Amino acid sequence: MTDVAPAQTPPAPTTLGELRANGAAFRPVKAEIRANLLARLGAGEPSLPGIVGFEDTVVPEVERALIAGHDLVLLGERGQGKTRLIRTLVGLLDEWTPVMAGSELNEHPLNPISVWAHRQIAEHGDDTPVGWLHRSERFGEKLATPDTSVGDLIGDVDPIKVAEGRTLGDPETVHYGLVPRTNRGIFSVNELPDLAERIQVALLNVLEERDIQIRGYRVRLPLDLLLVASANPEDYTNRGRIITPLKDRFGAEVRTHYPLELADEIRLLQQEAQTSGLGAPRGHDGFDAPVVPQHLVEIVARFTRLVRESSHVDQRSGVSARFAIAGLETVAASAVRRAAIAGETRPVARVVDLPGTVPASRGKVEFADAGTDPDDDRETEVLEHLLRQATAQTFRARCGGLDLTGLQEHFTGGETVESGELVPGAALLGQLGTIPRLAELLGRLGVPEGEESAEQAAAAVEFALEGLYLTRRLAKDTDGTRTVYGA
């Protein structure tokens, strides 16, 4: 399954003779990928669009491997985008490619490899029917599991075909597995170390001799494909390993990583988090899709990075990008929930929505010093502390040098401001009255001039109040659902 959907209708069905008359030529899949990659590089286009944070590290290594015609293995901790990168490779295939109509192996009409294909051409000659295959259908994928068999990957004898009267030595009694069925395409094995070692042996011929062997049959199928695998370094000790002969046959090993820069972490969040579909169309439930202000996106990104760097977290396991994505989606969902309950017409996420990310994402973190008591709250305390730290860092980065004394002076007479996950933005602002230098605060937090709303202003003001609390210029009292700021 890939994201590369057909961009146009396929060419009309044709015949082998017409294909030859039009000057068509067979081109191996690796040569096809190389040519399309070089064309993109020459045009200044991104070779792997949508891959964030790898532009100067992983992507050049992948490009070199593809130009060299190497099969490759991506090695990295969970949630580093390995599968996403592999699926993006499909975009380097030709939009449409000719195939022999009815072929199980996607055979090129000018390069038949099976007994069936040779017989078709012998019987029909130039009238052999030819169809077209879109690149999205030239991708095969298998998640390696201990119960995966050689038959799943390579193939096995089909007892039904034998029962129909064919002899066991007939190559057409074979039911082909996933790898040969992806001939002339890209095949991916995810979490390769989880594949039993005796099953990994079955891939040796695919990578070196480019053929397959099935139960001792004298079947030679010169497969044409790019094989890409992914693996987590932790798997080598915990669950399995890649056998040495197989590692040797991969032309390149590329090490992936989490985003190195905060800006890349934020870009990844903005690209991957599904927040716009959480609301309902106006006129149905009465509110629009949620707005997540940029400062909250930055807090979630910083939070993720702090969790990855924490000494309390098992560094071998890593902290997946899904941790951050799920966190941001939870923040947006909290805003939608408030809008539905409190009657807001425009859900805007606020600082008060951040604590919900802790229980939602706790299961995505492996702690190095995890206790055996299921009621142990130390892990939650660690995450809550890191979330406060991320909020403070974002406040200093976003509001450093901003004059907030006018907002702070509201509390000099003993006044308080009550907030909470169900307090509407208008109710929060109503407790403050006129807010000095509000326009400057909104501008600093990226709210476009002329597009301010009560909900966006409340999100900015609450962020400022939380920042003042974290920098010890205000006090705060909270019981989990109700938060009171005061002097």
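As shown above, the structure is provided for reference.
Let us look at the structure shown here.

Reading guide: rules and limits
Going along each chain's sequence as written, the residues are numbered from 1 onward. In view of the model being predicted, local features appear only for residues whose pLDDT reaches at least 70, and side-chain atom pairs are presented and counted only at 80 or more, with totals across whole chains, interfaces and linings using the full set of residues. Here the side-chain values reflect all heavy atoms present in the structure, with hydrogen atoms and water set aside. Definition used in this section: a nonpolar core is a set of buried Ala, Val, Leu, Ile, Met, Phe, Trp, Tyr and Cys residues joined via side-chain atoms within 4.5 Å. The rule is simple: take the accessible area with a 1.4 Å probe, protein chains only, and divide by the maximum for that residue type; under 20% is buried, over 50% is exposed, in between is partly exposed. Counting from the N terminus, the helices are the DSSP runs of H or I reaching at least four residues and the strands are the DSSP runs of E reaching at least two. Contact criterion: two residues are considered in contact whenever any of their non-hydrogen atoms come within 4.5 Å of each other. By convention in these notes, a salt bridge is any Lys or Arg side-chain nitrogen within 4 Å of a carboxyl oxygen on Asp or Glu.

Bringing the nonpolar core into the picture now. Judged by nonpolar contacts, the single largest core of 58 residues is most densely connected at Val-307 and Leu-441. Counting only elements with at least two residues in this core, the list comes to helix H13 (262-272), helix H14 (294-309), helix H15 (321-342), helix H17 (378-399), helix H19 (425-430), helix H20 (438-444) and helix H21 (454-470). Val-307 has contacts with Val-313, Val-319, Phe-323, Val-365, Leu-383 and Leu-386, leaving out every residue within four places of it along the chain. Counting 30 residues, the second largest nonpolar core, distinct from the first, contains Val-73, Ile-154, Tyr-176 and Val-179.

Attention shifts here to the environment of Ile-435. Relative to the helices and strands, Ile-435 is located in the loop between H19 and H20. Given the relative accessible area of 14%, Ile-435 is considered buried. Counting along the chain gives 27 residues from Ile-435 to Gln-408, while the straight-line C-alpha distance between them is 9.9 Å. Beyond its immediate stretch of four places on either side in the chain, Ile-435 contacts Leu-407, Leu-429 and Val-461.

Here we come to the pattern of salt bridges. Scanning all chains against the criterion turns up 24 salt bridges. Here Arg-20 makes a salt bridge to Asp-126, at a shortest N to O gap of 2.9 Å. Linking Arg-20 in helix H1 (residues 16-21) with Asp-126 in the loop between helix H5 (115-124) and strand S4 (129-134), this pair joins segments that are 106 residues apart in sequence. A salt bridge links Glu-298 to Arg-302, with the shortest nitrogen-to-oxygen separation between them at 2.9 Å. Of the two residues, Glu-298 and Arg-302 both sit in helix H14, four residues apart, roughly one turn of that helix. Of the two residues, Glu-298 and Arg-302, neither departs from the other in class, the shared state being buried.

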